[in-house]
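A closer look at the structure
Each chain is listed here by its residues.
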Amino acid sequence: HVQLVESGGNLVQAGGSLRLSCAASGTIIAGNTMGWYRQAPGKLRELVGTITRDGRTNYAASVKGRFTISRDNAKNTAYLQMNSLKPEDTAVYYCALDTLGLRYWGQGTQVTVSS
């Protein structure tokens, strides 16, 4: 079983930055992919970006160039650095870990960007 705990969500002004963390614990299988998703009120959950164990990243068009995903495999932790934040980035941000055909989710952390 895998557990994911996100942290770092906060209220920030437009143009500001935040860094989210996602710590994974439990039975972590090598070769996993970690990802960040977000869900705004009244909207479906959407992909923000993913990172493979060897560091290959993929981003949604809406965040490309502003957000950066990284990971520390020794700590089983993924990070989401968010710069130039916009009010439309306001959402609950979720961490996910994909391994052996299963997806595990964290509980989410709230990011609110004020205009």
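Residues numbered from 1 in each chain as written. Predicted model: local features only at pLDDT ≥ 70, side-chain atom pairs only at ≥ 80, totals over all residues. Heavy atoms only, no water.

1. Some thoughts on the overall build of the protein
As a reminder, the rule being used: Helix and strand assignments come from DSSP, with helices taken as H or I runs of at least 4 residues and strands as E runs of at least 2, each series counted from the N terminus. Within these notes, the globule rule equals 2.2 Å times the number of residues to the 0.38 power, and the radius of gyration is based on C-alpha atoms. Accessibility here uses a 1.4 Å probe with only protein chains present; expressed as a share of the type maximum, an area under 20% marks a residue as buried, one over 50% as exposed, and anything in between as partly exposed. Throughout, a residue-residue contact means that at least one pair of heavy atoms, one from each residue, lies within 4.5 Å. Note on areas: Shrake-Rupley, 1.4 Å probe, and residue coverage restricted to the protein chains presented here. Within this scheme the basic residues Lys and Arg register as positive and the acidic residues Asp and Glu register as negative, but His and the chain ends are omitted. Charged groups are reduced to one reference atom each: NZ for lysine, CZ for arginine, CG for aspartic acid, CD for glutamic acid.
Counting its regular elements, the protein contains 0 helices and 11 strands. When the helices and strands of the protein are placed in sequence order, the string is β-β-β-β-β-β-β-β-β-β-β. Rg of the C-alpha trace for the protein: 13 Å, near the compact-globule value of 13 Å for 115 residues, within the 12% margin. Viewed in the frame of its principal axes, the protein has a C-alpha envelope of about 40 × 25 × 20 Å. For the protein, the residues scored as buried account for 43% of the 115 residues in total. Put simply, of all contacts in the protein between residues at least 6 apart along the chain, 52% involve residues at least 24 apart. Summed over its atoms, the accessible surface of the protein is roughly 6,000 Å², and 50% of this surface lies on carbon and sulfur atoms. In the protein, 12 positive and 7 negative side-chain charges are present, and the distance between their average locations comes to 2 Å.

2. With respect to the sheet that holds strand β1 (residues 2-7)
Stated formally: Any two strands between which DSSP finds at least two bridges are classified as paired. The convention used is that axes are lines fitted to C-alpha atoms, helices contributing only their stretch in contact, and that angles between N-to-C directions extend from 0 to 180 degrees.
Taken in spatial order, the 4 strands of this open sheet run β1-β3-β8-β7, and their pairing is antiparallel. Both edges of this open sheet fall to β1 and β7 (67-72), since each of them pairs with a single strand only. Neighbouring strand axes in the sheet, compared pairwise and without regard to direction, differ in orientation by 15° on average.

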